[in-house]
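Below are the chains, spelled out letter by letter.
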Amino acid sequence: PLRPDANGTDRDAFVKLKKIEDSIESFVDQGTNLYIHSSICGNGKTAWALRMLQSYVGKIWFKSDLRCRVLFVNVPRFILSLKDSISNANDYVEHIKKNIFNADLVVFDEVGTKALTTFEHEHILNLINTRIDMNKSNIYTSNLTPQELKEKIGERLYSRIVHLSVDIELFGADKRSLNV
């Protein structure tokens, strides 16, 4: 379970995230985007993003067709796989390319883990920009401050991620080492 720290850190952020989760179907129908970030690792960014995906699937599964409705993209893995796919077919890249524009909700996890080359930037920008143009909902997670993110991914991509999203920053401690 996702809980704020005992001292109340992130309580407001968790309340906002829970409200989004509770209304995730309308959030996605409206093409809303969410940017969850923190300079602290392990405090729930990816867990919240996955929870949003699960909540959405839970609300739509009974009326869904067999197409891919949600997609989770680990950005560092995608970038590495994308480069590999230049010379060798890559099932991961093909799966993402086949489904990313039709999925209702996509999580772009670990955005900005490194500075992007022109090749990487253009691919990621194309995916995100096309989804935004199609009024598709996205959730982005990052361990970078907004300024660090801008430096890593550039102004164009930064603007689309940060300025077109509900912005929620987490400040809580790393919870990965907790024995719960």
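Anything mentioned here points back to the structure above.
Each residue is numbered by its place in its chain's sequence as written, counting from 1. Selection of residues for local features in this predicted model requires a pLDDT of at least 70, selection of side-chain atom pairs for listing and counting requires 80 or more, and totals for whole chains, interfaces and linings are taken over all residues. For side-chain calculations, the full set of non-hydrogen atoms in the structure is used, while hydrogens and water are omitted.

Thoughts on the environment of His 37
We apply this condition: Helical segments are the DSSP runs of H or I of at least four residues, strand segments are the runs of E of at least two, and each set is numbered from the N terminus. We call two residues contacting when some pair of their heavy atoms lies within 4.5 Å.
For His 37, the location among the structural elements is in strand 1 (residues 34–37). Taking C-alpha positions, His 37 is 19 Å from Leu 116, a pair spaced 79 residues apart along the chain. If near-sequence neighbours (up to four positions away) are discounted, His 37 is found in contact with Lys 45, Ser 142, Leu 144, Pro 146, Asp 167, Ile 168, Glu 169 and Leu 170.

Focus: the packing of aromatic side chains
The geometry of an aromatic ring pair is captured by two quantities: the separation of the ring centres and the angle between the planes. Rules: Centre distance within 6.5 Å is the pairing criterion for rings of Phe, Tyr and Trp, where only the six-membered ring of Trp is used; planes under 30 degrees apart are then read as stacked, over 60 as edge-to-face, and the remainder as tilted. Accessibility here uses a 1.4 Å probe with only protein chains present; expressed as a share of the type maximum, an area under 20% marks a residue as buried, one over 50% as exposed, and anything in between as partly exposed. The rule is short: NZ of Lys or CZ of Arg within 6 Å of the ring centre and within 35 degrees of the ring normal puts a charge over the ring.
Enumeration according to the criterion identifies three aromatic pairs in this entry. Ring centres 6.0 Å apart and planes at 85° place the aromatic pair Trp 61 and Phe 62 in the edge-to-face group. Owing to a relative accessible area of 60%, Trp 61 belongs among the exposed residues under this scheme. Note on Phe 108 and Tyr 140: the rings are 5.7 Å apart at their centroids and 20° apart in plane angle, and the pair reads as stacked. Here Tyr 140 lies in strand 4 (residues 137–142) and Phe 108 lies in strand 3 (residues 105–109), a separation of 32 residues in the sequence. Each of the two residues, Phe 108 as well as Tyr 140, counts as buried. Directly above the ring of Tyr 92 sits Arg 77, whose terminal nitrogen or CZ lies 3.6 Å from the centroid.

Here we look at the nonpolar core
For clarity, the threshold we go by: To form a nonpolar core, buried Ala, Val, Leu, Ile, Met, Phe, Trp, Tyr and Cys residues must be joined to one another through side-chain atoms within 4.5 Å.
Ranked by size, the top nonpolar core spans 30 residues in total, and within it Val 73, Phe 78, Phe 108 and Ile 161 carry the most contacts. Mapped by element, the contributors of at least two residues to this core are strand 2 (70–74), helix 4 (75–84), helix 5 (91–99), strand 3, helix 6 (118–133), helix 7 (146–153) and helix 8 (155–163). If one sorts the elements of this core by residue count, helix 6 sits on top with five residues. Excluding residues that lie within four positions of it along the chain, Phe 78 makes contacts with Val 73, Tyr 92, Val 93, Ile 96, Ile 124 and Leu 127. One finds Trp 48, Met 52, Leu 105 and Leu 170 within the second-largest nonpolar core, a separate group that totals 20 residues.

Some thoughts on the pattern of salt bridges
Quick reminder of the rule: Should a side-chain nitrogen of Lys or Arg be within 4 Å of a carboxyl oxygen of Asp or Glu, the pair is scored as a salt bridge.
Tallied over the full model, the rule gives 12 salt bridges. A salt bridge links Arg 156 to Glu 122, with the shortest nitrogen-to-oxygen separation between them at 3.7 Å. In this pair, Arg 156 is assigned in helix 8 and Glu 122 in helix 6, connecting sequence segments 34 residues apart. Of the residues examined, Arg 156 reaches a relative accessible area of 46% and is grouped as partly exposed. The class of Glu 122 is partly exposed, set by a relative accessible area of 40%.

Observations concerning helix 6
Selection criterion: Multiply 1.5 Å by the residue count of a helix minus one, and that product is the helix's expected span. Each C-beta atom gives one direction from the helix axis, and the arc is the one those directions make.
In this model helix 6 runs 21 Å from its N-terminal to its C-terminal C-alpha over 16 residues, within 8% of the 22 Å that 1.5 Å per residue would give. Considered for burial, the residues of helix 6 that qualify are Glu 120, His 121, Ile 124, Leu 125, Leu 127, Ile 128, Arg 131 and Ile 132. The buried side chains of helix 6 occupy one side of the element, clustering within an arc of 160° when seen end-on. Looking at helix 6, the residues exposed on the side facing more than 90 degrees away from the buried face are Thr 118 and Asp 133. Where the residues of helix 6 are buried, they touch helix 4, strand 3, strand 4, helix 7 and helix 8. Asn 135 lies just past helix 6 and shows a positive phi near 60°.

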